[in-house]
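Overview (structure and organization)
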Amino acid sequence: MKLKTLAAASTAWLAALALLTASGFTLSATYMTREVTCLFNIVREVRSITQLEVHLLSHERESARVALAHLPEHVGARDAARRELSRWLEDAREQPVTAESASVFEEAEREIERYLATHTQEHRQAGASHDEVDRTFAALERLLATRLAEARIARQRVDEVHRLSEIVSLGAAGMLLAGVLLALWQLRRCVYRPLLSIRAAIDRYGAGSHDARAPQGGLDELREIAVAFNEMAAALAEQRKRQLGILASVAHDLRNPLAALKLTVDGLRPDRPLPHEERLRSMLTRIGKEAARCDRMLTDLMDIARIEGGELELRRETRDARELARDVVELYRPTATAHELGLSLPDEPVPLCCDPIRIEQVLNNLVANAIKYSPAGGAVQVTVARVGAEVSIAVSDRGVGIAADDQRRLFERYFRAPSSSGVAPGVGLGLWAALRIAEAHGGRIEVTSTAGRGSTFTLRLPS
Ligand code: ADP
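Residues numbered from 1 in each chain as written. Predicted model: local features only at pLDDT ≥ 70, side-chain atom pairs only at ≥ 80, totals over all residues. Heavy atoms only, no water.

1. Thoughts on the site of the ligand
Inspection of the region around the ligand gives 22 residues, with N369, Y373, R416, S420 and L431 positioned closest. One of the side-chain N or O atoms of K372 is found 3.1 Å from an oxygen atom in the ligand. Contact between the ligand and S420: an oxygen atom at 2.4 Å from a side-chain N or O atom of the residue. Among the secondary structure elements, those contributing two or more residues to the shell around the ligand are α8 (356-372), α11 (430-440) and β7 (454-462). The element best represented in the shell around the ligand is α8, accounting for 4 residues. Across the shell around the ligand, the residue classes tally to 11 nonpolar, 8 polar and 3 charged. (Near = heavy atom within 4 Å. Polar contact = N/O pair within 3.5 Å; in protein donor to acceptor, adjacent residues only side chain to side chain. Helix = DSSP H or I, 4+ residues; strand = E, 2+ residues; numbered from the N terminus. Nonpolar A, V, L, I, M, F, W, Y, C, P; charged D, E, K, R; others polar.)

Below, the structure is given as structure tokens:
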């Protein structure tokens, strides 16, 4: 899972939950407000109905008193009660009436109107009046009962909505808690733990444990980081292995000239008489050669380091390519006594604008390889020629050769063909450096080889 997906899913989930909860609360609040308003109206109406009953009774009592003794105060009280009754009728018509109570209300209204109509005359007929009062009371009681029943129902609905709101709130809180716990668990599983593992692997690697690798788990991004770290660690381990190999190889290669030096110097110990002049000269020449060989090996190593660091600097001058080839062959002739070194040069000078030290380094490598990878007695031929605007210097041998598949990889860093790696020590950097030098001159190195029959490496440079 990607970090983006996790964040989007959590946000969407929280937003949906918040939206649902808010809509639920808004709906229940609206519903409750409506029901409470309805209850409030019913309570007001119940109060006014009971007051109306009181006014009706007052009106009846004062009417009876007026009938007995026509005193002005009784007339005033009766008229006030009558006005209250009329006012209630006016008010009641303004009140909202539910569908259920509409017929009951109309009946009560009719009964009061009839009552008021029969009591407009100053004198009343006592027998008829009692029936009207009873009917009016009965109608008002029915209205009261209907409204109270409605109030009870409204109250029940409010209770239900309240219960529902409580359930919704608890559910929302539960879902929110579950969501947060789920998000925390996912974060811990997919982010926190993998991050800690990567951190631990980096710490272990930093502390020197080069086989430390990060577990590849969690979010895609963290898995990619772990994979990148593991690849980097593996590449560094490989590089380290190669560097150790180079060191071992250099030490091995240096041991031979150093052993030769030691042996020669042993013959010149101060406690022994000096050998004849001729022998002495030969020994000094050998010392010079071995010292030069050590020097060349170290210079090659430094060059490789320079090329790797992108610091290859050419000091160009025009030289005869024949001279360069001759110098290299002559350099190897005294040591490669087991091989036949041949040199084929054109009669005319072959001018070449190049850095002679670097080109000699390339030729040294090609000739050294030809000797290294040929059996004793094998011929090594160096041929200089001018081909159009190019100068070519070919080094041929009749050695182990290189399989077709391996030829493609010869110039890769650290590559060694399996067919020849057992034949002689090496680190697979010489051809890589040689090609870099040739390319820096605008040239190239071509290879033709047959496994078991020999190889030809041709350096081609613009003249
Ligand atoms: P090194 O000789 O130190 O291994 P190089 O870069 O000079 O490194 O050569 C790379 C590889 O190419 C060698 O290890 C060997 O396998 C192959 N190679 C180079 N020259 C020859 C040759 N003349 N004959 C056979 N194989 C060769």
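2. Quick notes on α11
Three or more residues of α11 are buried, namely L431, W432, A433, A434, L435, I437 and A438. The inward-facing, buried residues of α11 abut α6 (277-308), α8, β6 (444-450) and β7. Just downstream of α11, G442 is the residue with a positive phi angle, here 85 degrees. (Buried < 20%, exposed > 50% of the residue type's maximum accessible area, 1.4 Å probe, protein only. Contact = heavy atoms within 4.5 Å.)

3. Concerning the pattern of salt bridges
This model, assessed by the stated rule, comprises 24 salt bridges. Salt-bridge contacts for E150 lead to R147; the nearest nitrogen and oxygen are separated by 2.2 Å. Of this pair, E150 and R147 are both found in helix α4 (residues 126-206), 3 residues apart, which corresponds to roughly one turn of the helix. The exposure classification of E150 matches that of R147, with both residues buried. Among the salt bridges present, the one from E446 reaches R460, with a minimum N-O distance of 2.8 Å. Of this pair, E446 sits in strand β6 while R460 sits in strand β7, and the two are 14 residues apart along the sequence. Given the relative accessible area of 30%, E446 is considered partly exposed. We classify R460 as buried; its relative accessible area is 18%. Counted as one network, the salt bridges with shared partners bring together E390, R444, E446 and R460. (Salt bridge = Lys/Arg side-chain N within 4 Å of Asp/Glu carboxyl O.)

4. A short note on the packing of α8 against α11
Contact geometry for α8 and α11: axes closest at 9 Å, N-to-C directions at 145 degrees. At the point where α8 passes α11, the crossing takes the left-handed sense. Counted together, R358, Q361, V362, N365, L366 and N369 of α8 and G430, L431, A434 and I437 of α11 form the full contact between these two elements. (Axes fitted to C-alpha atoms, helices over the stretch in contact; angles between N-to-C directions. Left-handed = near helix turned anticlockwise from the far one by under 90°.)

5. Remarks on the domain arrangement of the protein
By domain assignment, the protein separates into domain 1 (3-182), domain 2 (220-304) and domain 3 (313-462). Each of domain 1 and domain 3 was reduced to a C-alpha centroid, and the two centroids are 113 Å apart. (Domains from an automatic or database assignment.)

6. Concerning the environment of F457
Note on placement: F457 falls in strand β7. Note on F457: relative accessible area 10%, which makes it buried. Spatially, the C-alpha atoms of F457 and L366 are 7.0 Å apart, while their sequence positions differ by 91 residues.

7. Quick notes on the environment of R326
Take R326: it is sitting in helix α7 (residues 321-332). Between the C-alpha atom of R326 and that of R135, which follows or precedes it by 191 residues, the distance is 145 Å. The residues touching R326, leaving out its near neighbours within four places in the chain, are L343 and L345.

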